[in-house]
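Spelled out, the chains give:
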Amino acid sequence: MAQQENKLDRETFSCPICLDLLKDPVTTSCGHSYCMNCIQNFWDGEDEKRIHSCPQCRQTFIPRPVLKKNTMLAALVEELKKTGLQAAPADHCYAGPEDVACDVCTGRKLKALKSCLVCLASYCEKHLQPHHELPVFVKHKLVEPSKKLQENICSRHDEVMKIFCRTDQQCICYLCSVDEHKGHDTVSAAAERTERQRELEVSRQNIQQRIQDREKDVKELQQEVEAINGSADKAVEDSEKVFTELIRLMEKRRSDVKQQVRSQQETEVSRVKELQEKLEQEITDLKRKDAELEQLSHTEDHNQFLHNYPSLSRLSQSTDSSSINIRPLRYFEDVTAAVSELRDKLQDVLRDQRTNISLTDTEVHVSLSGPEPEPKTRAEFLKYSRELTLDPNTANTLLLLSEGNRKVTFTDQRQSYSSHPDRFTYYWQVLSRQSLTGRCYWEVEWRGGGVHVAITYKNISRAGESGECEFGYNDKSWMLYCYTDSYYFYYNSVGTPVSGPRSSRVGVYLDHSAGILSFYSVSETMTLLHRVQTTFTQPLYAGLYIDYDSSAELCEVK
């Protein structure tokens, strides 16, 4: 009964807003009491509405009431404080459905502050005090509040499970250890926890190391993103400058052509008009002469006729008709033809795959699990097959291209290729149109005495007969020489004999980012002939060197 009265007192003298004992209590006209600051702050929030209300009964007041301290209530609260009365706990101190409740509290239970693994009970702050103050509780194990304390009790023997059975991987009580777990490998739960804790720490260290590694990877990827963005921005900026310059040049050329045409037009029109004026003047003179002669013809006096005839019969010199050069069908058509030819050439240049701007070969290779394994079977290689064609602008003039520029044949007759700085002038070589990056695979079918299958950087020299121009004899190209009965690999003028089954078809596998180049003999099976591990610093191009009376074709593989 006393406890209920105590609870009633706490609720009676607590502020409904802060739930603490009243401080400087005031009472509204509706009869409810609050702390002075609490009700003032509450009404401050209602000032904009200009209507103030009681937080409990919602009675409204206009204007805002002026409250004074309730001295009688204040004195009563102070007297109650001296008797040890405490304010009612705030609602957030009571245990909700999801909280662990104090096992000692009666009535409405408070939230537990700790749970005891020895007592197998949970305590609020007040009921936890004995565990902090009495020596008998010193060895008790306090943990964060838990609803699973009963799981520490053996369901068979109703004893605390302090032993761990390693055989069955479960916690047991001491009666279990001498009963159904007799003879099993058992240790104390604390000892097992210690060992598992060490394993946990190792696992955490591994996880933390992986986190650091992944954070490093993320940082590197971010740097890669910044590098890609920077490179792309620069490419756009530079290309804009180049295209702007091209447009400026085209505009200037257009203006020059227009000015030249207009100037020539003015000159030609002036010349024609001058000649036209001469002809018109000559026509006028002739008409006048004709009239005089007509008049003379009607003279009846013979003597007068004969006297005037000599002077009137003489004609002035006529304009030379050869100076009249009329081109009724062609005036400035040659200019139009020249401009059209320029347009066609420009279109050819822009359509040329070597100068066509394409991002299809631009790849960013990111792998968090290391390099991918190299293909083993031909089917796996064909996943990376590239359809390649040969570039006529690089072909030596003794090489004939056919089959849609996929086949090259040595010929005794020089081909009528146009002059081009990319053409090999001495060695019987040709390059692919397409550049090679990422993972690529292609096959070469060859006939005749021998063929050199190569890859090279684009900046390999083209003119002259030095080793800087020949596949395999410089540091810009790698070459497999396929002869009738042998293979040789060449790089930077160093030749290496290669053994392997003879085949008219050679497969080439390139993993640009991994720096792998492999040559295979292709028949019913694929046999590795030679493999190179290096670092490629530029995009590569497929190359072919054709011996006398030989041919090679870039195969269409699917």
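Residues numbered from 1 in each chain as written. Predicted model: local features only at pLDDT ≥ 70, side-chain atom pairs only at ≥ 80, totals over all residues. Heavy atoms only, no water.

**Regarding the overall build of the protein**
Note the following rule: The helix count covers DSSP runs of H or I at least four residues long, the strand count covers runs of E at least two residues long, and both are numbered beginning at the N terminus. Here, residues are in contact when the closest pair of their heavy atoms is within 4.5 Å. Method for areas: the Shrake-Rupley scheme with a 1.4 Å probe, in which residue coverage is limited to the protein chains shown.
Along the protein, the regular secondary structure elements total 9 helices and 23 strands. The long-range share in the protein, meaning contacts at least 24 apart out of those at least 6 apart in sequence, stands at 55%. For the protein, the accessible area works out to roughly 36700 Å², and carbon and sulfur atoms hold 52% of it.

**Quick word on helix 2 (residues 36-44)**
One turn of the α-helix equals 3.6 residues, which is why residues spaced by three or four share an orientation. What counts is decided by this rule: Burial classification: accessible surface area is computed with a 1.4 Å probe over protein chains only, and a residue below 20% of its type maximum counts as buried, one above 50% as exposed, and the rest as partly exposed.
Of the residues making up helix 2, those classed as buried are Met 36, Cys 38, Ile 39 and Trp 43. Tucked into the core, helix 2 has its buried residues touching strand 1 (25-27), strand 2 (33-35), strand 3 (52-53) and strand 4 (60-61).

**Examining the pairing of strand 23 (residues 551-554)**
The side chains of a regular strand alternate between both faces of the sheet. As a reminder of what qualifies: Here, a strand pair is defined by DSSP locating no fewer than two bridges between the strands.
Relative to strand 23, strand 12 (residues 407-410) runs antiparallel, the two sharing 3 bridges. Directly across from Thr 409, in strand 23, lies its bridge partner Ser 551. Judged from the 4 bridges that link them, strand 14 (residues 439-447) and strand 23 form a sheet pairing that is antiparallel. When the sheet's bridge partners are listed, Val 444 is paired in strand 23 with Leu 554.

**What about the pairing of strand 16 (residues 477-483)?**
For strand 16, the buried fraction is high: 6 of the 7 residues fall into the buried class. As paired elements, strand 15 (residues 450-457) and strand 16 share 7 bridges and run antiparallel to each other. Pairing of Val 453 across the sheet is with Leu 480, part of strand 16.

**Looking at the confidence of the model for the protein**
Applied cut-off: How sure the predictor is of each residue is captured by pLDDT, a score from 0 to 100.
For the protein, mean pLDDT is 85; residues scoring 70 or higher make up 89% of the total. Long-range and interchain partners of residues 1-8, a stretch whose pLDDT sits below 50, account for 2 contacts in this model, where long-range means more than four residues apart. Scored below 50 in pLDDT, residues 358-370 shows 12 contacts in the model against residues more than four places distant or in partner chains.

**Structural notes on the environment of Leu 540**
Position of Leu 540 among the secondary structure elements: in strand 22 (residues 540-546). A relative accessible area of 0% means that Leu 540 is categorised as buried. Separated by 81 residues in sequence, Leu 540 and Asn 459 place their C-alpha atoms 9.8 Å apart. If near-sequence neighbours (up to four positions away) are discounted, Leu 540 is found in contact with Gln 434, Ser 435, Leu 436, Ile 455, Thr 456, Tyr 457, Trp 478, Leu 510 and His 512.

**Considerations on the pattern of salt bridges**
Here is the rule: Just to be clear on terms, a salt bridge is a Lys or Arg side-chain nitrogen sitting within 4 Å of an Asp or Glu carboxyl oxygen.
By the definition in use, this model includes 28 salt bridges. Arg 406 is the salt-bridge partner of Glu 553, the closest N and O atoms lying 2.9 Å from each other. Here the residue Glu 553 occupies a position in strand 23, and Arg 406 occupies one in the loop between strand 11 (399-402) and strand 12, the gap between them amounting to 147 residues. Taking relative accessible area as the criterion, Glu 553 reaches 23% and is therefore assigned partly exposed. Between Asp 511 and Arg 439 there is a salt bridge whose closest N-O contact spans 3.3 Å.

**Let's talk about the side chain of Arg 462**
Convention followed: None of His or the chain ends enter the tally, which takes Lys and Arg as positive and Asp and Glu as negative. Under the rule applied, a polar contact is a pair of N or O atoms within 3.5 Å (in protein, one hydrogen donor and one hydrogen acceptor; residues adjacent in sequence only if both atoms are side-chain atoms).
Within the secondary structure layout, Arg 462 lies in the loop between strand 15 and strand 16. No salt bridge is formed by the buried Arg 462. Its closest oppositely charged neighbour is Asp 422, at 4.2 Å. Of note is the side chain of Arg 462, whose polar atom sits 3.0 Å from the backbone oxygen of Ile 460. Arg 462 has contacts with Thr 394, Pro 421, Asp 422, Arg 423, Phe 424, Thr 425, Leu 431 and Cys 469, leaving out every residue within four places of it along the chain.

**Some details on the nonpolar core**
Test applied: Note on terminology: a nonpolar core comprises buried Ala, Val, Leu, Ile, Met, Phe, Trp, Tyr and Cys residues joined through side-chain atoms within 4.5 Å.
The biggest cluster of nonpolar side chains holds 38 residues, and the ones touching the most others in it are Val 408, Trp 442, Trp 478, Leu 480, Phe 519 and Leu 544. Discounting residues that sit within four places of it in the chain, Leu 544 has contacts with Leu 390, Val 408, Trp 428, Gln 429, Val 430, Val 444, Val 451, His 452, Val 453, Phe 471, Ala 552 and Leu 554. Within the second largest apolar cluster, 17 residues are counted, among which are Tyr 34, Cys 38, Phe 61 and Leu 73.

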